[in-house]
Amino acid sequence: MAYTLTQARGLLTAAELSLFDQSRAAPIKDLTLARLRGKVTRARALRDKYRDLYRRQTVATRGTPASKRSAVGGDNERTGRKAEVFAEVLGRFEDRLTLLEGRAEREAGKVAPAKKTARSKAVTAPKAPAKKAVAKKVVATKAKPVRLKTAVRKALKLKQAAVGHGSSDTRSAKAPAAQSPLGAAAAGAPQQTAPLDIPARAARRNPLKESAAGIALHAHAGSQTRRAQGKRDSR
């Protein structure tokens, strides 16, 4: 049977009685988790103290004479009852501590999954643009070979068309003119010969000198030059 407050008042000191009072059903509910751990440590220390003291007193009682054994036995019994009181106090504190710790663990377990889901959403959210970028890259890589094939086909068609029309009389922009000697030779026309009465070198340099007017002009200029030279010589 548990000790009552009245029974504990005749055994404990004022500080010990205050600890006993806080372990009862109503006051123990007001203790926080941190204060409850302190009460457990204090109650365990007092229980161990009176338990060890009771054992020492029991051994000492056995060695005392029979005339003095009654007084020593009374003190030993009081110490044993104190050890029982604080064993009960310690049990109540430990039960309450176990209850509060289990409640705190359950609350922490409820909060942890919520944090995990929030983190998972934050991590998985940016993955969508990456998939779109990969899809764009795949489409781009697929589109390039198609364009290359079409370009190759067009080039082959143009080459075949050019080869097919190569035997026609069409001339390129770089072909020599038909009026020039090189163009005539390339076209297979007979080469024109230079006139026999005009030297080829003079014709290439200045054809105007070989005309009738040019010859008369140069003759007149030559005569003037000779007359001037004769006057200078006569002086």
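Residues numbered from 1 in each chain as written. Predicted model: local features only at pLDDT ≥ 70, side-chain atom pairs only at ≥ 80, totals over all residues. Heavy atoms only, no water.

## Considerations on the overall build of the protein chain
Selection rule: The helix count covers DSSP runs of H or I at least four residues long, the strand count covers runs of E at least two residues long, and both are numbered beginning at the N terminus. The cut-offs for exposure are 20% and 50% of the maximum accessible area for each residue type, with area from a 1.4 Å probe on protein chains only; residues under the lower value are buried, those over the upper are exposed, and the others partly exposed. Only heavy atoms enter the contact rule, under which two residues are in contact if any of them lie within 4.5 Å. Exposure was quantified through the Shrake-Rupley algorithm and a 1.4 Å probe, taking into account, for residues, occlusion by the shown protein chains and nothing else.
On a plain count of helices and strands, the protein chain comes out with eight helices and zero strands. What you see in the protein chain, going N to C, is helices and strands ordered as α-α-α-α-α-α-α-α. Within the protein chain, buried positions represent 17% of all 235 residues. Summarising the internal contacts of the protein chain: among those between residues at least 6 apart in sequence, 63% fall at separations of at least 24. Total accessible area computed for the protein chain in this model is approximately 18,600 Å², and 59% of it derives from carbon and sulfur atoms.

## Section: a positive patch on the surface
Applied cut-off: Patch building starts from residues that exceed 30% relative accessible area and form no salt bridge, then joins like charges within 9 Å and nonpolar side chains (Val, Leu, Ile, Met, Phe, Trp, Tyr) within 5 Å. Each reported salt bridge corresponds to a side-chain nitrogen of Lys or Arg within 4 Å of a carboxyl oxygen of Asp or Glu. Asp and Glu count as negative and Lys and Arg as positive, but His and the ends of the chain are not part of the count. Taken as the charge location is NZ of Lys, CZ of Arg, CG of Asp or CD of Glu.
Taken together, Lys149, Arg153, Lys154 and Lys157 make up a surface patch of like positive charges. Topologically, Arg153 is positioned in helix H5 (residues 127-164).

## A closer look at the packing of aromatic side chains
Aromatic ring pairs are defined here through the distance separating the ring centres and the angle between the ring planes. Note the following rule: Stacked, tilted and edge-to-face pairs are distinguished by plane angle, under 30 degrees for stacked and over 60 for edge-to-face with tilted covering the rest, among Phe, Tyr and Trp rings (Trp via its six-membered ring) whose centres lie within 6.5 Å.
Evaluated as defined, the whole model comprises one aromatic pair. Ring centres of Tyr50 and Phe86 lie 5.9 Å apart, and the angle between their planes is 10°; this geometry places the pair in the stacked category. Of this pair, Tyr50 sits in helix H3 (residues 33-63) while Phe86 sits in helix H4 (residues 69-124); the two residues are 36 residues apart in sequence, bridging distant segments of the chain. Here Phe86 falls in the buried class, since its relative accessible area comes to 0%.

## What about the side chain of Thr79?
Positionally, Thr79 belongs in helix H4. Non-local contacts of Thr79, meaning those with residues more than four positions away in its chain, are made with Tyr50, Leu53, Tyr54 and Gln57.

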